[in-house]
Amino acid sequence: MLYCETNFGKYPFKTIRFAEISSFTRGFAATAYPATIYINEKQFHLNLTQGEGQDVINELAAHEVSHQWWGNNAQMSPDYREGRGVLIETLAQYTQLMLYKNEYGKDKMLEMVKLYQNMYDSEKAFSGEEPLLTSDPNNSNVIYNKGLVKMYELYLLIGEEKINKALKNLLAKHKFPLQPPTTLNLIQELKMVSDKKNHIKIDAVFKNK
Ligand SMILES: [Zn+2]
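Analysis parameters
Every chain begins its residue count from 1, and numbering advances along the sequence as written. Restriction of local features to residues with pLDDT of at least 70 applies here, the model being predicted, together with a cutoff of 80 or more for giving and counting side-chain atom pairs; totals for whole chains, interfaces and linings are based on all residues. Derived side-chain values reflect all non-hydrogen atoms in the structure, with water molecules and hydrogen atoms excluded from consideration. Only buried residues count toward a nonpolar core, which is a set of Ala, Val, Leu, Ile, Met, Phe, Trp, Tyr and Cys residues joined through side-chain atoms within 4.5 Å. Only protein chains enter the accessibility calculation, which uses a 1.4 Å probe; a residue is then buried when its area is under 20% of its type maximum, exposed when over 50%, and partly exposed in between. Starting at the N terminus, helices and strands are each numbered in turn, a helix being any DSSP run of H or I of at least four residues and a strand any DSSP run of E of at least two. Any pair of residues with heavy atoms lying within 4.5 Å of one another is described as a contacting pair. Here a donor is any nitrogen, oxygen or sulfur atom (N, O, S) within 2.8 Å of the metal, with 3.2 Å used for Na, K and Ca; water is not among the atoms considered, so some sites may look incomplete. Put simply, a salt bridge is a Lys or Arg side-chain nitrogen that is within 4 Å of an Asp or Glu carboxyl oxygen. For Phe, Tyr and Trp, rings pair up if their centres lie within 6.5 Å, where Trp contributes its six-membered ring, and each pair is then called stacked (planes under 30 degrees apart), edge-to-face (over 60) or tilted (otherwise). As a per-residue quantity, pLDDT reports the predictor's confidence and falls between 0 and 100.

### A few points about the nonpolar core
Part 1: Counting 43 residues, the largest nonpolar core has Phe8, Leu154, Ile163, Leu186, Leu190 and Phe206 as the members making the most contacts within it.
Part 2: Of all the secondary structure elements, the ones that give two or more residues to this core are helix 1 (2-8), helix 4 (84-104), helix 5 (106-127), helix 6 (140-158), helix 7 (160-174), helix 8 (183-192) and helix 9 (199-207).
Part 3: If one sorts the elements of this core by residue count, helix 6 sits on top with 9 residues.
Part 4: The residues touching Phe8, leaving out its near neighbours within four places in the chain, are Tyr3, Trp69, Trp70, Tyr94, Thr95, Asn164, Leu167, Lys168 and Leu171.

Here it is, written out as structure tokens:
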């Protein structure tokens, strides 16, 4: 929460609430609406059975809290079109990754990236290998798993500070009720804060399969 406020802009609500919902709601891991985060009780219990070094609940909470900035009608709510999932889920995955790095260090971050790379690789025969730029908003393998890996590439390329600056600018320009953002706006903001020599590589992060 503090990370998001410091880097992306102020949290617009007075309170935040975590609510547990029944695991009978199938296919539901966690979701966030303004000022409330719903987490499936199965996820709450998951961390008890995970091995050492796994911190599923913290990761999940970080991801969900960041949705108060990215998506679900919170502050930035992109239209339903290709690339929408990048502006919601991929940005939440990025926030989760940075918080994880800040908490546990760069080696653990790399472990997380490898985990998501493996998940992506094992599912890509079914999901297809779309570029982030034009990804189907429902292609969860691309927007969550590949998205995290690609944001890590971007992090190596231009660094956390520049990415966060671009995200803050994106939010300031496209926050509700302003014009909703697209992935092209995101790329534009990333280019505006970074060296020209990196622009082709920034394009590649989003446009390559
Ligand atoms: Zn999410």
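### A few points about the coordination of the zinc ion
Part 1: In the first shell of the zinc ion, the protein supplies His63 (NE2), His67 (NE2) and Glu89 (OE), at 1.9 to 2.0 Å from the metal.
Part 2: The exposure class of His63 is buried, given its relative accessible area of 4%.
Part 3: What makes His67 buried here is its relative accessible area of 2%.

### A look at the pattern of salt bridges
Part 1: Scanning the entire structure with this criterion turns up 9 salt bridges.
Part 2: Residue Glu5 is joined to Lys10 by a salt bridge in which the shortest nitrogen-to-oxygen separation is 3.6 Å.
Part 3: For Lys10, a relative accessible area of 63% corresponds to the exposed category.
Part 4: The partner of Asp195 in a salt bridge is Lys197, with the nearest N and O atoms 3.8 Å apart.
Part 5: The class for Asp195 is partly exposed, based on a relative accessible area of 40%.
Part 6: On the basis of relative accessible area, Lys197 is assigned to the exposed category, the value being 64%.
Part 7: A network of salt bridges, in which partner residues are shared, links Lys191, Asp203 and Lys207.

### A few points about the packing of aromatic side chains
Part 1: Under the counting rule described, the total for this entry stands at 4 aromatic pairs.
Part 2: Measuring from ring centre to ring centre gives 6.0 Å for Tyr3 and Phe8, while their planes differ by 85°; the resulting arrangement is edge-to-face.
Part 3: Overall, the relative accessible area of 11% leaves Tyr3 in the buried class.
Part 4: Taken together, a centroid distance of 4.8 Å and an interplanar angle of 55° make the contact between Tyr100 and Tyr104 tilted. You can see Tyr100 and its partner Tyr104 sitting in helix 4, 4 residues apart, about one turn around the helix.
Part 5: Classification of Tyr100 as buried rests on a relative accessible area of 8%.
Part 6: For Tyr104, a relative accessible area of 36% translates into the label partly exposed.
Part 7: Members of the aromatic cluster, joined through ring pairs, are Tyr3, Phe8 and Trp70.

### Structural notes on the confidence of the model for the chain
Part 1: For the chain, mean pLDDT is 84; residues scoring 70 or higher make up 77% of the total.
Part 2: Summarising per-element confidence for the chain, the mean pLDDT is lowest in helix 2 (residues 41-49) (44) and highest in helix 9 (98).
Part 3: Per-residue pLDDT stays below 50 along residues 42-53; that stretch engages in 14 contacts with residues further than four places along the chain or on separate chains.

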